[in-house]
Amino acid sequence: MCDDPVLLARTIRRYLTYTSDWDENSVIRSLAFMKPGQLDFNPRMFMYGGLAIYPVGGLIGAASAVGLLPRRPDAEHFLGHPESMARLYMAGRIWILGLVVLGIGLMHWSARQGHPAEVALLATLLYAMSTPVHAWLNLLKPHLPAAGLGFFAYGLCAQAISCSRRSRLWWAAAVCAMAASLVPTVGLTLIVPLVACFLFKEPAGEVSAAAPPSREPWRVRAVLLGQVLLVYAAVFVVMNPYFLLDFRGLRAEAGVHAGTYFGGPSLEVVVAMLRFQLLNAVPLPLVLLAICGIGARQTAPLLLTLALPAANLAWASLMFAGLADPVLVRFTLPSLPFICLLAAQGYRRLEGRLRLVGVPLLLWGVLRCLAMDLYYQTDRVTASGPASSELQAGRWIQANIVPPAPVGFSEDVVPRMLPPMDVARLRLRCVAPDPAPQTSLPDWYITSTEHRVPPGYELAARFLDQRWPVTIHTSFYKARDALDTDLHSHRIYLINHGMGHPLQLHQIPAYIYRRSGVAGGDRSTGRSGLTPLPVDRQIQDPAPRRVRVARPGASPGPSRAPSATSIRIPSSFFSLPSATSNLVPSFLSLPSATSNEAPPLPW
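Residues numbered from 1 in each chain as written. Predicted model: local features only at pLDDT ≥ 70, side-chain atom pairs only at ≥ 80, totals over all residues. Heavy atoms only, no water.

## A short note on the packing of helix 14 (residues 267–281) against helix 16 (residues 302–320)
Thought 1: It is at 9 Å that the axes of helix 14 and helix 16 come closest, and there the two elements cross at 100°. With respect to each other, helix 14 and helix 16 are oriented roughly perpendicular. Together, Val269, Val270, Met273, Gln277 and Leu278 of helix 14 and Leu313, Ala316, Ser317, Leu318 and Phe320 of helix 16 make up the contact between the two elements.
Thought 2: In the contact of helix 14 with helix 16, the residues fall into eight nonpolar, two polar and no charged. (Axes fitted to C-alpha atoms, helices over the stretch in contact; angles between N-to-C directions. Helix = DSSP H or I, 4+ residues; strand = E, 2+ residues; numbered from the N terminus. Parallel < 35°, antiparallel > 145°, perpendicular 65-115°, else oblique. Contact = heavy atoms within 4.5 Å. Nonpolar A, V, L, I, M, F, W, Y, C, P; charged D, E, K, R; others polar.)

## Points about the nonpolar core
Thought 1: Residues Trp136, Leu169 and Leu304 are the most contacted members of the largest nonpolar core, which totals 123 residues.
Thought 2: Per-element accounting of this core gives the leading share, 13 residues, to helix 8 (residues 143–163).
Thought 3: With 26 residues, the next largest nonpolar core counts Leu16, Trp444, Ala460 and Ala461 among its residues. (Core = buried A, V, L, I, M, F, W, Y, C linked by side-chain atoms within 4.5 Å. Buried < 20%, exposed > 50% of the residue type's maximum accessible area, 1.4 Å probe, protein only.)

## Some remarks on the environment of Pro415
Thought 1: Looking at the element boundaries, Pro415 is found in the loop between strand 1 (406–409) and strand 2 (427–430).
Thought 2: We classify Pro415 as buried; its relative accessible area is 10%.
Thought 3: Taking the C-alpha atoms as reference points, Pro415 and Tyr15, separated by 400 residues in sequence, lie 5.9 Å from one another.

## Thoughts on the sheet that holds strand 1
Thought 1: Spatially, 2-1-3-9-4 is the arrangement adopted by the five strands of the open sheet, whose pairing is mixed. Because the sheet does not close on itself, it has two edges, and the strands there are strand 2 and strand 4 (457–463). Sheet twist, expressed as the mean angle between neighbouring strand axes with direction ignored, is 25°.
Thought 2: Sitting on the sheet, helix 19 (residues 389–400) is in contact with strand 3 (444–447), strand 4 and strand 9 (510–515), with an inclination near 130° to strand 4. (Pairing = 2+ DSSP bridges.)

## Focus on the side chain of Arg168
Thought 1: Mapped onto the fold, Arg168 is located in helix 9 (residues 166–182).
Thought 2: Classification of Arg168 as buried rests on a relative accessible area of 18%.
Thought 3: Aside from chain neighbours lying at most four places away, what touches Arg168 is Leu156, Gln159 and Ala160.

## Some details on the environment of Asn496
Thought 1: Counting through the fold element by element, Asn496 comes out in the loop between strand 7 (490–494) and strand 8 (497–500).
Thought 2: In sequence terms Asn496 and Trp468 are 28 residues apart; their C-alpha atoms lie 9.7 Å from each other.

## Points about the pattern of salt bridges
Thought 1: According to the stated counting rule, one finds nine salt bridges in the structure shown.
Thought 2: With a closest N to O distance of 2.8 Å, Lys141 and Asp23 form a salt bridge. Residue Lys141 is located in the loop between helix 7 (131–135) and helix 8, and its partner Asp23 is located in the loop between helix 1 (5–17) and helix 2 (24–33); the two are separated by 118 residues in the primary sequence.
Thought 3: According to the relative accessible area criterion, Lys141 is buried, its value standing at 3%.
Thought 4: The buried category is assigned to Asp23, whose relative accessible area is 10%.
Thought 5: Notably, a salt bridge pairs Arg467 with Asp465, separated by 3.4 Å at the nearest N-O pair.
Thought 6: Take Asp465: its relative accessible area is 5%, and that puts it in the buried class.
Thought 7: Salt bridges linked by common partners bring Asp21, Asp23, Lys141 and Arg330 together as one network. (Salt bridge = Lys/Arg side-chain N within 4 Å of Asp/Glu carboxyl O.)

## Here's the deal with the sheet that holds strand 7
Thought 1: The strand order 5-6-7-8 describes an open sheet built from four strands, whose pairing is antiparallel. For this open sheet the edge positions go to strand 5 (466–467) and strand 8, each flanked by a neighbour on one side alone.
Thought 2: Sheet topology places strand 5 next to strand 6 (residues 470–474); two bridges connect them, and they run antiparallel. Bridging from a neighbouring strand, Arg467 pairs with Val470 of strand 6.

## What to know about unusual backbone geometry
Thought 1: At the junction of Pro403 and Pro404, the peptide bond is cis and its omega measures out at 0° in the coordinates.
Thought 2: You can see Pro404 is positioned in the loop between helix 19 and strand 1.
Thought 3: Following Trp468, the chain continues into Pro469 via a peptide bond in cis, with omega recorded as 10°.
Thought 4: By secondary structure assignment, the location of Pro469 is in the loop between strand 5 and strand 6.
Thought 5: Residues other than glycine seldom take positive phi values, yet Arg44 does so here, at roughly 55°.
Thought 6: Mapped onto the secondary structure, Arg44 falls in the loop between helix 2 and helix 3 (54–65).
Thought 7: Unlike most non-glycine residues, Ser164 shows phi in positive territory, near 55°.

## Let's talk about the packing of aromatic side chains
Thought 1: Under the defined criterion, the tally for this structure stands at eleven aromatic pairs.
Thought 2: Aromatic side chains Phe46 and Phe243 sit 5.2 Å apart centroid to centroid with 85° between the ring planes, which places their arrangement in the edge-to-face category. On the criterion of sequence distance, the pair formed by Phe46 in the loop between helix 2 and helix 3 and Phe243 in helix 12 (residues 242–245) is long-range, its members being 197 residues apart.
Thought 3: For Phe46, a relative accessible area of 6% translates into the label buried.
Thought 4: The exposure class of Phe243 is buried, given its relative accessible area of 12%.
Thought 5: With a centroid separation of 5.3 Å and 75° between ring planes, the pair formed by Phe236 and Phe243 is classed as edge-to-face. When sorted by exposure, Phe236 lands in the same class as Phe243, which is buried.
Thought 6: Here a set of aromatic residues connected by ring pairs shows up, and it is made of Phe46, Tyr232, Phe236 and Phe243. (Phe/Tyr/Trp six-rings, centres within 6.5 Å; stacked < 30°, edge-to-face > 60°.)

Structural data, given as structure tokens:
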């Protein structure tokens, strides 16, 4: 890598501008490609909608106006001041956090429209302590607020049916369009107001005499359907105009996603979705309570309550194609508020008949959720300090691997896959986990999962978050059919009791392997696998380095080609702790990219 200055510069830029989540950088990159002076607001990315992108840009503009960000930031500023890059992510995370909190508040109101007060309160509490909420609470990922808006639409529809108010159906359609403007795949929430149109009845005395009474109900429903679809389309187009203006880009991206996810229907696919996604996010006791709650009495029509979760889980089964990837839970999140509501109903139903069954199920489910919440909160806090696994791994590498030692890796060189290291001096090589027999292997191999290692290596050091009582350990399962293999290669334990696979890792595990016969390294992992080893040799760079970054669309050329921009890389980047790790708190921690071949930012 260090033989190619353009590749080296892009690698350093990724360490300083990406986070450890694959999707967060998508919003920042989307804003970077816009040209407001030319009235070009095309996000050039369609997996998130305008409501997840444009408000973040507004918050970044507000931060610039009050001096929290430079008014005209450039590449050299962000590379020299990673804390400014962190503030870009902070703007987006604050926006998402506010929407999540708003969704939790609206859930209680929505549940009250068709259910008793105690059921609504318990459902809201179960949702607030659910595992996905705490796993993604502070990330720039709009799936959680989209799920909250979907349930708000359900409350509006329940009120429309109980009070015979057409306007509530129009508002519900607008809210569904807003949910789809966060994550377009959540547009499936439109099924809630559509079902409500068939359940809606005009109040007595308002039936028009212009049509025969036998035809009037169908005419009313047809008009309602047209109004709901019109409101939904209008609000969505206003918030996402480039879904029409750049239809070619939308179609191209949809083709990529279709090739990644979708598969044919089968019972095996449904079972895989329930096992790897749903039951990994919602404890089995709460799922059992939800099944019991399906038959409970409620004011809102049961069809309205079951429409969205049934459609969402069926669609997710087709979309995942049996992939054993916990992170895909985000696509089932629209069902989460409804599952919590049904679980609350199930507990209320069993409380009067089978108290000895209902109470243990509820306590078991709540304790499991609290244990997972404890893991995610401690993991998030530890990730921002010097005891984080990636910083410990970086210190170990600096102390034990002497440049220019050849180091292998299997994934993209981003913070999610590799701990901070001197990428300008180590000889980095991409090596497949199953290389050809004649392939010459590097002396060292670094990966984020213990299950993807070429033959001929022995473990030299391992860095995991193992803080009792909630710890993370290597899973016995070899993640072959997971998109994010590190998530499925680890398992969360509560006092040696398996709790499931993590939905998010704020601290990235690191496994450092040494080729058999190569001297150096220490097989010890230290206390809890995270105690730093003494750094007896600091790798310092006496002066800032100057590398050349190709502009978008420019082909790599000679070092003095006019199509390149000179950027100064601060020498602090080449020493530990990494600039991306210790400069910011956990809420801003720059823990990665969305694509291996992502186009560069226009800096």
